[in-house]
Amino acid sequence: SAKTIDIRFETQGVRTFAFRAGAKIDPSELKGAKEAKLRFEFTKEDSFVLNATQCRGKRMTNVASVARDIMATRSTKWRFYKWYIVSRVYSARQMVFLANRTKDASIEFVGSGTHVGNVLAGHVDASLHIRKSGSMGLEILGKEGGPVAMEVFRVNKGGVIVID
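Residues numbered from 1 in each chain as written. Predicted model: local features only at pLDDT ≥ 70, side-chain atom pairs only at ≥ 80, totals over all residues. Heavy atoms only, no water.

A.B. asks: Explain the packing of aromatic side chains here, please?
C.D. replies: Given two aromatic rings, their pairing is described by the distance between the two centres and the angle made by the two planes. Per the stated rule, a full pass over the model turns up three aromatic pairs. Ring centres of Phe9 and Phe48 lie 5.8 Å apart, and the angle between their planes is 45°; this geometry places the pair in the tilted category. Of this pair, Phe9 sits in strand 1 (residues 5-10) while Phe48 is found in strand 5 (residues 48-59), placing the two residues 39 residues apart along the sequence. Relative accessible area serves as the criterion here: at 41%, Phe9 is assigned to the partly exposed category. The exposure class assigned to Phe48 is partly exposed, which follows from its relative accessible area of 26%. Ring geometry for Phe40 and Phe109: centres 6.4 Å apart, planes at 80°, overall edge-to-face. In this pair, Phe40 sits in strand 4 (residues 36-42) while Phe109 sits in strand 8 (residues 105-111), placing the two residues 69 residues apart along the sequence. For the pair Phe40 and Phe109, one class covers both residues: buried. (Phe/Tyr/Trp six-rings, centres within 6.5 Å; stacked < 30°, edge-to-face > 60°. Helix = DSSP H or I, 4+ residues; strand = E, 2+ residues; numbered from the N terminus. Buried < 20%, exposed > 50% of the residue type's maximum accessible area, 1.4 Å probe, protein only.)

Right, dumping it as structure tokens:
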């Protein structure tokens, strides 16, 4: 079977805090707590958090052939500097993606330590209480089997593959 990886990524402007019985703890210590809280604070606009498990990629194996086909058609409708072709899709078994619109937004998950800790692994249990303040832009909580990222390329007017 193909190798998978787990991703835990936070942009600048995100601070993560974990609490057990009101005391601040390291997020790795959440599991096993009877009641716990995990808080993400967004201090800059357009910051985000991505926690995803068992990520794997599927890729196009014939990139050069696709580029040749595009050049061979010489279509006047092809937009060389605007259109991209997806050559690889990375998907995750489960993921949590949180993005804010404005600074000073926050979201926190409250519940058993095990369920709260699972947020860091991309899983959100229905038993969790979720509290938000400020303007969150996008929340994908516990999504199963979704795409996490894509690798794209362009073909320039000379037929050269450009990876941005």
